[in-house]
Amino acid sequence: MAVGTIVWLGSEVMFFAGLFAIYFTLRSTSPGLWEFETEKHNFTFALVNTLILVSSSVTCQFGVFAAERLQARSTGWKPSQWGMVEWFFLTYALGAIFVSGQVLEYATLVSEGVTLASNAYGSAFYLTTGFHGIHVTGGLIAFLLVIGRGFAVKNFGHKEATSAIVVSYYWHFVDVVWIGLFLVIYVLK
């Protein structure tokens, strides 16, 4: 299962590399457009949203540590006693907040005239961030499945722990892709 996921993530790297290539190609053909459109971004909002997603990678990893201890659920209220389920619920919440932030940003940009069809910048921005958002949403669904599995089994074992670890590979990948997108879209104007 883990090897298959790593191979599949390799194909995802190529997919996102293609999206980055589209972004850079369109940017190189319309530098004035990029300068004008990127001024509409709220850098502080995007930075906070990015920090929320990156922190979800930390909580995800704590969930993996709990899964590796074969601890599905908490043994107390302190975070040091949390199991995989609690950490993954927190990860899910942070990921959902991130996606909600993306939706809010999209609504704001659309109200300012930046749409998928408005120009090359809108197309590149929504394609890259939209596909990323779809991947984050897929990760959220995967977390719900792993959490459900944690509740469904009588004895949380290595098979369930492996599922948690594999989902974390995907989540960390999605976070790293976002860091790249954030740097390209919001920092390198």
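Keep in mind that what you see is a predicted model, and the values were worked out from it rather than measured. (Residues numbered from 1 in each chain as written. Predicted model: local features only at pLDDT ≥ 70, side-chain atom pairs only at ≥ 80, totals over all residues. Heavy atoms only, no water.)

Trainee: For the pattern of salt bridges, give the residues involved together with the corresponding values.
Mentor: Applying the stated criterion to the full structure yields two salt bridges. Where Glu37 meets Lys40, a salt bridge forms, and the shortest distance between an N and an O atom there is 3.1 Å. The shortest N-O distance in the salt bridge between Arg149 and Glu160 comes to 4.0 Å. A residue pair is termed long-range when its members are at least 10 positions apart, and Arg149 in helix α5 (residues 120-152) and Glu160 in helix α6 (residues 158-187) qualify at 11 residues. Judged by its relative accessible area of 11%, Glu160 is buried. (Salt bridge = Lys/Arg side-chain N within 4 Å of Asp/Glu carboxyl O. Helix = DSSP H or I, 4+ residues; strand = E, 2+ residues; numbered from the N terminus. Buried < 20%, exposed > 50% of the residue type's maximum accessible area, 1.4 Å probe, protein only.)

Trainee: Tell me what's going on with the nonpolar core, and back it up with residues and numbers.
Mentor: Counting 46 residues, the largest nonpolar core has Met84 and Phe88 as its most contacted members. Looking at this core, the elements with two or more residues in it are α1 (2-29), α3 (43-68), α4 (84-111), α5 and α6. Of the residues forming this core, the biggest block, 15 residues, is contributed by α6. Every residue in contact with Met84, bar those within four places of it in the chain, is listed here: Gly63, Ala66, Ala67, Gln71, Ala72, Val146, Gly150, Phe156 and Ala164. (Core = buried A, V, L, I, M, F, W, Y, C linked by side-chain atoms within 4.5 Å. Contact = heavy atoms within 4.5 Å.)

Trainee: Can you lay out the packing of aromatic side chains for me, pointing to particular residues and giving the numbers?
Mentor: What describes a pair of aromatic rings is the distance from one ring centre to the other and the angle between the planes of the rings. In the structure shown here, the tally under the stated rule is 20 aromatic pairs. Between Trp34 and Tyr121 the ring centres are 5.0 Å apart and the planes differ by 85 degrees, which places this aromatic pair in the edge-to-face class. Separated by 87 residues along the polypeptide, Trp34 in helix α2 (residues 31-38) and Tyr121 in helix α5 bring together distant segments of the chain. When the ring of Trp178 is compared with that of Tyr186, the centres are 6.3 Å apart and the planes differ by 50 degrees; the resulting orientation is tilted. Aromatic rings pair up to connect Tyr23, Phe24, Trp34, Tyr106, Tyr121, Phe125 and Tyr126 into one cluster. (Phe/Tyr/Trp six-rings, centres within 6.5 Å; stacked < 30°, edge-to-face > 60°.)

Trainee: Outline the UniProt feature "transmembrane region" (unreviewed entry) in the chain, supporting the account with residue identities and numerical values.
Mentor: The feature "transmembrane region" (unreviewed entry), as annotated in UniProt, sits at residues 7-26, 46-67, 87-104, 124-148 and 169-188 in this numbering. Secondary structure across residues 7-26 comprises 100% helix and 0% strand; the distance between its end C-alpha atoms is 29 Å. In residues 169-188, the share of helix is 95% and the share of strand is 0%. The end C-alpha atoms are 27 Å apart. (UniProt positions renumbered as here; feature names shortened; annotations may be inferred.)

Trainee: Any details on the packing of α4 against α6? Residues and values, ideally.
Mentor: With their axes 13 Å apart at the nearest point, α4 and α6 run at an angle of 30 degrees to one another. When the interaxial angle is binned, α4 and α6 end up roughly parallel. Here α4 runs over α6; the crossing is left-handed. Between α4 and α6, the residues in contact are Met84, Phe88, Thr91, Gly95, Phe98, Gln102 and Glu105 and Ala164, Trp171, Trp178 and Tyr186, respectively. Taken together, the residues of the contact of α4 with α6 sort by class into seven nonpolar, three polar and one charged. (Axes fitted to C-alpha atoms, helices over the stretch in contact; angles between N-to-C directions. Parallel < 35°, antiparallel > 145°, perpendicular 65-115°, else oblique. Left-handed = near helix turned anticlockwise from the far one by under 90°. Nonpolar A, V, L, I, M, F, W, Y, C, P; charged D, E, K, R; others polar.)

Trainee: Run through the environment of Thr59, naming residues and quoting values.
Mentor: Tracing the backbone shows Thr59 in helix α3. A relative accessible area of 8% means that Thr59 is categorised as buried. The spatial distance from the C-alpha of Thr59 to the C-alpha of Phe89 is 9.2 Å, given a sequence separation of 30 residues. Setting aside residues up to four positions removed in sequence, Thr59 forms contacts with Trp87, Leu90, Thr91 and Leu94.

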